Amino acid sequence: MNDDFSQRLLDKIEHEQIHPIPRSAILFRKIAIWVLLLLCLGCSAFLGVLVVLAFFHIDLEFLRVSSLGPMLRLLLAYIPVVWLVLFLLFFCIELLLVRRQTHAYRYPTSVIIGMMMLGALFGGLGFYATHLPERIESSLPGHLPPHIRPWFQPDRPLPRPEDGVLFGKVQTVQTESFSLRDEPGHLWQVQFDSKKIDVRQLPHPDQDVIVEGHIEQREVFRADAIRPYRGQPGGPPPPRP
Amino acid sequence: MPVSAVLPEHSDRSLVDEAIRSPHAFKLLVDRYWRQLYAFLKRLYFLEHEEIEDILQESFLKIYRNLGAFDDTFSFSTWAYQITRNCAIDSLRKKRVRPQTVSLSEEEWEHILVATMASTDRTFTLEATTKAIQALPLKYREPFTLFYLEQKTYEEMVDILKKPKGTIASLVNRAKVLLREQLHPSTL
């Protein structure tokens, strides 16, 4: 090869006006990738802990799914595999970004995946322990412009037993019924079919629960589904859409 | 630093900083590394002169455009090898170019022969060695070439090939085993 290779390259650079990418553009690109990586980490952490909670049937109210649109609620409540697929999707994007942006390629892939799983798990447990989603949901409407606030339903009436939702604290539990004191202080007798209700969903005394079903007669409620309720201390559950 | 004050004995890092402002400083960097990268491409991919020149030009233009992204946690040489290797692989994929047979000089093949004998602790003929090296799959030929012919350390190879050290060590060992299997005692 001729020794004038570098000169020909220089001529090409000058003739075609090729310039290095500005450092600011490179920095912006790096920041954008890191932001995307952190978002993916947050999403995978959140979804990961949901998968864990769903697997162990612990506190599905963590997501406050009943405050979301009916379609999304249906998806998240009845099709848990969606959570798993979304978790895997975000995890894969995160893995690609970590390998691209950092020197993680120096380590075996199994180590990288293990560390990321641990990070997602601890991040998700942190969200759960700090009630972060509920805090965001309760403070968000206050920061929104007035014309957008109704979209977050802050002024919707609270669900009533007549709407098919009963929530409160369990008082006593029998074989196929339990007594529940609701927010206004009324005592309800909640009846359920033990064949239809999963034994893991059965409440215990002093537990806050949310019951879906219908009123059979005065102060008697027939339950179709029973879920733990983990709302704000002293606060009502989110309104149904 | 004005271009006239940039001297060939300046470090790569200072030349990179100056090259962002002036392409003439970049020319010094190119002069420093193009022969090394040319030999690397020739030994590893057995490409013809024109293809190597195209790949080298594309690599250096990519390096020039991304000078601001140079990560000085590893050397400029490693970074240049990284980019050149990626450009070569892209070029091979796009053009579906198959490696040509024997486009190296006798001196280069002698070098390869010595390296192969050193790696396998045996003695072979030049002809047998050339066939064996060319028959090696690329994923083994790359680390073998970088280690024995380019004299790169494992740490440098980690950054060039973007694989963990353990994986590279396994690939190099596997390359040696495959070479021994290819090179029968009858070729002595």
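Everything below is about the structure shown above.
Rules of the game
Starting afresh in each chain, residues are numbered from 1 along the sequence in its written order. Here every chain gets a letter starting at A, and every ligand a number starting at 1, in the order they are written. Residue-level local features of this predicted model are given only where pLDDT is at least 70; pairs of side-chain atoms are given and counted only at 80 or more, and the full residue set underlies all totals for whole chains, interfaces and linings. Note: side-chain values were computed over all heavy atoms of the structure, leaving out hydrogens and water. Only DSSP runs of H or I with at least four residues qualify as helices, and only runs of E with at least two residues qualify as strands; both kinds are numbered from the N terminus onward. Any residue under 20% of the maximum accessible area for its type is buried, any over 50% is exposed, and the rest in between are partly exposed; the area is computed with a 1.4 Å probe on protein chains only. Only heavy atoms enter the contact rule, under which two residues are in contact if any of them lie within 4.5 Å. Pairing between strands requires that DSSP locate at least two bridges from one strand to the other. For helices, the fitted line uses only the C-alpha atoms of the stretch in contact; every axis is such a line through C-alpha atoms, and the angle between N-to-C directions lies from 0 to 180 degrees. Only centres within 6.5 Å qualify two rings of Phe, Tyr or Trp (six-membered ring in Trp) as a pair; their planes then separate them into stacked at under 30 degrees, edge-to-face at over 60, and tilted for everything else. In what follows, roughly perpendicular refers to angles from 65 to 115 degrees, roughly parallel to angles under 35, roughly antiparallel to angles over 145, and oblique to any angle outside these ranges. Should the near helix be turned anticlockwise from the far one by less than a right angle, the crossing is termed left-handed; should it be turned clockwise, right-handed. Think of it as three bins: nonpolar holds Ala, Val, Leu, Ile, Met, Phe, Trp, Tyr, Cys and Pro, charged holds Asp, Glu, Lys and Arg, and polar takes everything else, Gly as well. To count toward a patch, a residue needs a relative accessible area over 30% and no salt bridge; like charges are then connected within 9 Å, while nonpolar side chains (Val, Leu, Ile, Met, Phe, Trp, Tyr) are connected within 5 Å. Areas reported as accessible are Shrake-Rupley estimates using a 1.4 Å probe. Residue values count occlusion only from the protein chains shown. We define a salt bridge as a contact between a side-chain nitrogen of Lys or Arg and a carboxyl oxygen of Asp or Glu at a distance within 4 Å. Here's the idea: put two parts together, see how much 1.4 Å probe accessible area each one loses, and the total over both is what we call buried area. Whenever two N or O atoms come within 3.5 Å, that pair is a polar contact, provided that in protein one can donate a hydrogen and the other can accept it, and provided that, for residues adjacent in sequence, both atoms are side-chain atoms.

**Some words on the environment of Val98(A)**
Residues and elements named next belong to chain A.
- By the element assignment, Val-98 lies in helix H4 (residues 81-101).
- Take Val-98: its relative accessible area is 14%, and that puts it in the buried class.
- Considered as a pair, Val-98 and Leu-37 are 61 residues apart in the sequence and their alpha carbons are 7.4 Å apart.
- When sequence neighbours within four positions are dropped, the list of residues in contact with Val-98 reads Leu-37, Ala-104, Ile-112 and Met-116.

**Quick notes on the sheet that holds strand S1 (residues 165-173) of chain A**
All names here are of chain A.
- The strand order around the closed barrel built from 5 strands is S1-S2-S3-S5-S4, with neighbouring strands paired in mixed fashion. Averaged over neighbouring strand pairs, the angle between their axes works out to 55 degrees when direction is ignored.
- Pairing of strand S4 (residues 208-217) with strand S5 (residues 220-228) involves 8 bridges; the strand directions are antiparallel. The residue of S5 that forms the bridge with Glu-212 is Ala-225.

**Things to note about the packing of aromatic side chains**
- Counted under the stated rule, the structure contains 16 aromatic pairs over all chains.
- Judged by centre distance (5.0 Å) and plane angle (85 degrees), the ring pair of Phe147(B) and Tyr148(B) falls under edge-to-face.
- Given a relative accessible area of 15%, Tyr148(B) falls into the buried group.
- Ring pairs connect the aromatic residues Phe5(A), Phe26(B), Trp34(B), Phe60(B) and Tyr64(B), which therefore count as one cluster.

**Some details on the packing of helix H1 (residues 5-15) of chain A against helix H3 (residues 49-65) of chain B**
- One way to put it is that H1(A) packs onto H3(B) with a least axis distance of 11 Å and a crossing angle of 55 degrees. In terms of orientation, H1(A) lies oblique with respect to H3(B). Judged by the sense of rotation from one axis to the other, the crossing of H1(A) with H3(B) is right-handed. Each of Phe5(A), Arg8(A), Leu9(A), Lys12(A) and Ile13(A) in H1(A) lies in contact with H3(B), whose residues at this interface are Glu53(B), Leu56(B), Gln57(B), Phe60(B), Leu61(B) and Tyr64(B).
- Of the residues that constitute the contact of H1(A) with H3(B), the class distribution is 7 nonpolar, 1 polar and 3 charged.

**Examining a nonpolar patch on the surface**
All names here are of chain A.
- Taken together, Val-52, Tyr-107, Val-111, Met-115, Leu-118, Leu-121, Phe-122 and Leu-125 make up a surface patch of nonpolar side chains, about 750 Å² in accessible area.
- With 6 residues, helix H5 (residues 109-129) is the largest single contributor of residues to the nonpolar patch.
- By the element assignment, Leu-121 lies in helix H5.
- With a relative accessible area of 35%, Leu-121 lands in the partly exposed category.

**Quick notes on the pairing of S1(A)**
Residue and element names in this part refer to chain A.
- Bridge count between S1 and S4: 5 bridges; the pairing is antiparallel. Residue pairing for S4: Phe-167 is matched across the bridge by Ile-210.
- By the bridge criterion, 5 bridges tie S1 to strand S2 (residues 177-182) in an arrangement that is antiparallel. Directly across from Val-170, in S2, lies its bridge partner Leu-180.
- Hairpin connection between S1 and S2: a loop of 3 residues separates the two successive antiparallel strands.

**Some remarks on the packing of helix H7 (residues 138-149) of chain B against helix H9 (residues 165-182) of chain B**
Residues and elements named next belong to chain B.
- Closest axis-to-axis distance for the H7/H9 pair is 8 Å, and the angle between their directions is 100 degrees. In terms of their interaxial angle, H7 and H9 are classed as roughly perpendicular. Together, Lys-139, Tyr-140, Pro-143, Phe-144, Phe-147 and Tyr-148 of H7 and Ile-168, Leu-171, Val-172, Arg-174, Ala-175, Lys-176, Leu-178 and Leu-179 of H9 make up the contact between the two elements.
- Looking at the contact of H7 with H9, its residues break down into 11 nonpolar, no polar and 3 charged.

**Considerations on H7(B)**
- When you tally the buried positions in H7(B), you get 9 out of 12 residues, the bulk of the element.
- Taken as a whole, H7(B) has its buried residues at Tyr140(B), Arg141(B), Glu142(B), Pro143(B), Phe144(B), Thr145(B), Leu146(B), Tyr148(B) and Leu149(B).

**Section: unusual backbone geometry**
- We note that Asp206(A) has phi near 75 degrees; this positive angle belongs to a residue other than glycine.
- Tracing the chain through its elements places Asp206(A) in the loop between strand S3 (187-191) and S4.
- For Lys162(B), which is not glycine, the phi dihedral falls at a positive 55 degrees.
- You can call Lys162(B) partly exposed: its relative accessible area is 34%.

**A look at the side chain of Thr78(B)**
- The topology assignment puts Thr78(B) in helix H4 (residues 76-95).
- Not counting residues up to four positions away in its chain, the partners in contact with Thr78(B) are Glu156(B), Asp159(B) and Ile160(B).

**Remarks on the interface of chain A and chain B**
- Taken residue by residue, the interface counts 25 residues in chain A and 34 residues in chain B.
- When the two sides are added together, the surface that chain A and chain B hide from each other amounts to roughly 2600 Å², 65% of it contributed by carbon and sulfur.
- Summed over the shared surface of chain A and chain B, the result is 3 salt bridges.
- The salt bridge involving Arg8(A) is made with Glu53(B); its shortest N-O contact spans 2.8 Å.
- Applying the counting criterion to the chain A and chain B interface returns 7 residue pairs in polar contact (both at pLDDT 80 or more).

**Here's the deal with the pairing of S3(A)**
Residue and element names in this part refer to chain A.
- Covered by surrounding structure in S3 are Trp-188 and Val-190 only, the residues Leu-187, Gln-189 and Gln-191 on the alternate face being uncovered.
- The hairpin formed by S2 and S3 contains 4 residues between the paired strands, and Gly-185 there has a positive phi angle of roughly 105 degrees.
- Of the pairings in the sheet, the one linking S3 to S5 comprises 3 bridges and is parallel in character. Residue pairing for S5: Gln-189 is matched across the bridge by Val-220.

**Notes on the pattern of salt bridges**
All names here are of chain A.
- On inspection of all chains with the given rule, the structure shows 16 salt bridges over all chains.
- Note that Asp-4 is salt-bridged to Arg-8, the shortest N-O span being 3.3 Å.
- Residue Arg-8 is classed as partly exposed on the basis of its relative accessible area of 29%.
- Across the pair Lys-12 and Glu-16 runs a salt bridge, and its minimum N-O distance is 2.9 Å.

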